[in-house]
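A look at the structure
Given next are the chains, with one letter for each unit.
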Amino acid sequence: MNNSNKDRVFAEAIKKPQDFVFDEKVAAVFPDMLLRSIPGYPAIIGMIETLTAQFAQNGSRLYDLGCSLGASAQAMQRGLKADKCRIIAIDNSPAMIGKCCQQPQNAAAPAKIEYLCEDILSSKISDASIVVMNFTLQFVEPGRRCEMLDRIYNGMRPGGILILSEKVRFADPAVNELLIEVYHAFKKANGYSELEISQKRAALEKVLIPESIRDHRDRLIRAGFKSADVWFQCFNFMSMLAIK
Ligand code: GEK
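Attention here is on the structure that accompanies the text. These figures come from a predicted structure and were not determined experimentally.

In this approach the atoms are scanned with a rolling probe the size of a water molecule, which exposes any empty space left behind. By volume, the second largest pocket amounts to about 350 Å³. Forming the boundary of the second largest pocket are 15 residues, of which Phe10, Ile14, Gln18, Asp19 and Ala203 lie nearest the centre. Ranked by residues supplied to the lining of the second largest pocket, first place goes to helix H7 (residues 194–204) with three residues. Per-class residue counts for the lining of the second largest pocket are nine nonpolar, two polar and four charged.

Here it is in structure tokens:
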């Protein structure tokens, strides 16, 4: 990897701590940041491809909400076997969407990816057979998460799926602390220093609000999904499959 693509966003001591933002600096190193910060990220992306092959319905829409650089949308594009679908990838970070639009489209793919720079809380979601929220709901204000899930559910076809991946917390504070420690050991093993780990943790504190697996499942069932089950978990990171 070229050194300018390596995540060093929190490597130097920060004098005036600020909340984490998805700006140009983060977008420039984002693939490296995700790979070294989310246990199982490549496996989740691979399974989004597999799930798309299984669940995409002819003539439907596939959404990647909080797409960042479009990794999930691109996985859906690779897995897509259904005809006449649209793939819509949305993020409210101009830095992320700007980089997505510079990437060449795969001309041989059955559907091209449409990138939109907007707030997913006001995005139109309709006729969807697949919706992916890969580590995005955790950045939505907790008070607006029910509304977000209701909008997704109402915009989906019967038999459609929502893939919801999130960092989670555990109800037992001791277990929660233990899993956070194990997670930090994972980051250290991936080359992050104590300083990088603690400065990023502080920057994310008010921005990334994790909930328990139970909170997520209850909200999905309350929104109307027939089932909502964890299909992937590693430490305090998980992904659920909710079926309408
Ligand atoms: C991946 N899914 O590689 N509206 C639109 N975008 C938002 C909003 C919002 N209200 N809130 C946050 N975002 C990707 C990774 S990253 C996860 C997703 C992480 C966007 C935000 O700008 C960022 O790009 C993304 O959600 C979260 O599979 O960094 O841990």
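Once you've had a look at it, read on.
This brings us to the nonpolar core. Grouped together as the largest cluster of nonpolar side chains are 49 residues, with contacts concentrated most on Met33, Ile48, Leu62 and Leu80. It is helix H1 (residues 24–37) that contributes the most residues to this core, six residues altogether. The residues contacting Ile48, other than those within four sequence positions of it, are Ser72, Ala75, Met76, Val132, Asn134 and Ile163. Within the second largest apolar cluster, 30 residues are counted, among which are Ile125, Val140, Leu149 and Tyr153.

So, on to the environment of Arg151. Examined against the element boundaries, Arg151 turns out to sit in helix H5 (residues 145–154). Sequence-wise, Arg151 and Lys244 are 93 residues apart; in three dimensions their C-alpha atoms are separated by 13 Å. Beyond its immediate sequence surroundings of up to four residues, Arg151 is in contact with Ile120, Leu121, Ser122, Ser123, Lys124 and Ile125.

Residues in close proximity to the ligand total 21 residues, the closest being Tyr41, Gly66, Ser68, Asp91 and Asp119. Asn134 has a polar backbone atom sitting 2.9 Å from a nitrogen atom of the ligand. Secondary structure elements with two or more residues in the shell around the ligand: H1 and helix H3 (71–79). Of the residues assigned to the shell around the ligand, the class counts are 10 nonpolar, eight polar and three charged.

Along any regular strand, the residues point their side chains to alternate faces of the sheet. For strand S1 (residues 61–65), the tally of buried residues reaches four of five residues, placing the bulk of the element in the interior. As defined by bridge partners, S1 adjoins strand S2 (residues 86–91) across five bridges and the pair is classed as parallel. Pairing of Tyr63 across the sheet is with Ile88, part of S2. Following the chain from S1 across H3 to the adjacent parallel S2, one finds a crossover that is right-handed.

Quick reminder: α-helices carry 3.6 residues per turn. Residues three or four places apart thus point the same way. Turning to H7, its buried residues number three or more, namely Glu196, Ile197, Gln199, Lys200, Ala203 and Leu204. Along its buried surface, H7 packs onto H1 and helix H6 (173–189).

What follows deals with unusual backbone geometry. A positive phi is found at Lys84, a non-glycine position, where the angle reads about 55°. Backbone geometry places Phe235, a non-glycine residue, at a positive phi of 50°. Relative to the elements of secondary structure, Phe235 occurs in the loop between strand S6 (227–234) and strand S7 (237–243).

Below, the discussion takes up the state of the cysteines. Following the criterion strictly, the structure yields zero disulfides and no others. Free cysteine Cys67: the closest other cysteine sulfur is in Cys100, separated by 4.6 Å. What makes Cys67 buried here is its relative accessible area of 4%.

Another aspect to go through is the sheet that holds S6. With mixed pairing, seven strands are arranged side by side in an open sheet as S3-S2-S1-S4-S5-S7-S6. Of all the strands in the sheet, just strand S3 (113–117) and S6 have a single pairing partner and so form its edges. Strand-to-strand, the axes of this sheet are offset by a mean angle of 15°, without reference to chain direction. Inspection of the sheet shows S2 paired to S3 by five bridges, in the parallel sense. Its bridge partner lying in S3, Ile90 is registered against Leu116. Taken strand by strand, H3 contacts S1, S2, S3 and strand S4 (128–134), and its axis lies near 155° from that of S1. Sheet strands touched by helix H8 (residues 213–223): strand S5 (156–167), S6 and S7. Its angle to S6, the strand with the most contacts, is close to 155°.

Analysis parameters
- In this numbering scheme, every chain counts its residues from 1 along its sequence in written order.
- The predicted nature of this model means local features are confined to residues of pLDDT at least 70 and side-chain atom pairs, given and counted, to a pLDDT of 80 or more, with totals for whole chains, interfaces and linings taken over all residues.
- No hydrogens and no water enter the side-chain calculation; it runs on all heavy atoms of the structure.
- Within this scheme a cavity is a closed region of a 1 Å grid, computed over the protein atoms alone, that accommodates a 1.4 Å probe without allowing it to escape, whereas a pocket is open but has protein on both sides within 12 Å along at least five of seven lines; lining residues each have an atom within 4 Å of a point.
- Grid points are joined across faces, edges and corners, and a volume is the space filled by probe spheres set on the points.
- By the criteria applied, helices consist of DSSP H or I runs no shorter than four residues and strands consist of E runs no shorter than two, each listed in order from the N terminus.
- Three classes are used: nonpolar for Ala, Val, Leu, Ile, Met, Phe, Trp, Tyr, Cys and Pro, charged for Asp, Glu, Lys and Arg, and polar for all others, with Gly counted as polar.
- Buried residues of nine kinds, namely Ala, Val, Leu, Ile, Met, Phe, Trp, Tyr and Cys, make up a nonpolar core once their side-chain atoms join them within 4.5 Å.
- Each residue gets one of three labels from its accessible area relative to the maximum for its type: buried under 20%, exposed over 50%, partly exposed in between, using a 1.4 Å probe on protein chains only.
- Throughout, a contact is declared for two residues whenever any of their heavy atoms are within 4.5 Å.
- Nearness of a residue to a molecule or strand requires only that one of the residue's heavy atoms be within 4 Å of it.
- Nitrogen and oxygen atoms within 3.5 Å of one another constitute a polar contact, given that in protein one can donate a hydrogen and the other can accept it, and given that sequence-neighbouring residues count only through two side-chain atoms.
- Each pair of strands is called paired provided DSSP finds at least two bridges between the two strands.
- Whether a crossover is right-handed comes down to one check: with the strands pointing away from the viewer, does the path from the first strand over the helix to the second run clockwise; if it does, it is right-handed.
- Cysteine sulfur atoms that pair up within 2.5 Å are treated as a disulfide.
- Orientation is described by axes fitted as lines to C-alpha atoms, over the contacting stretch for helices, and by angles from 0 to 180 degrees between their N-to-C directions.

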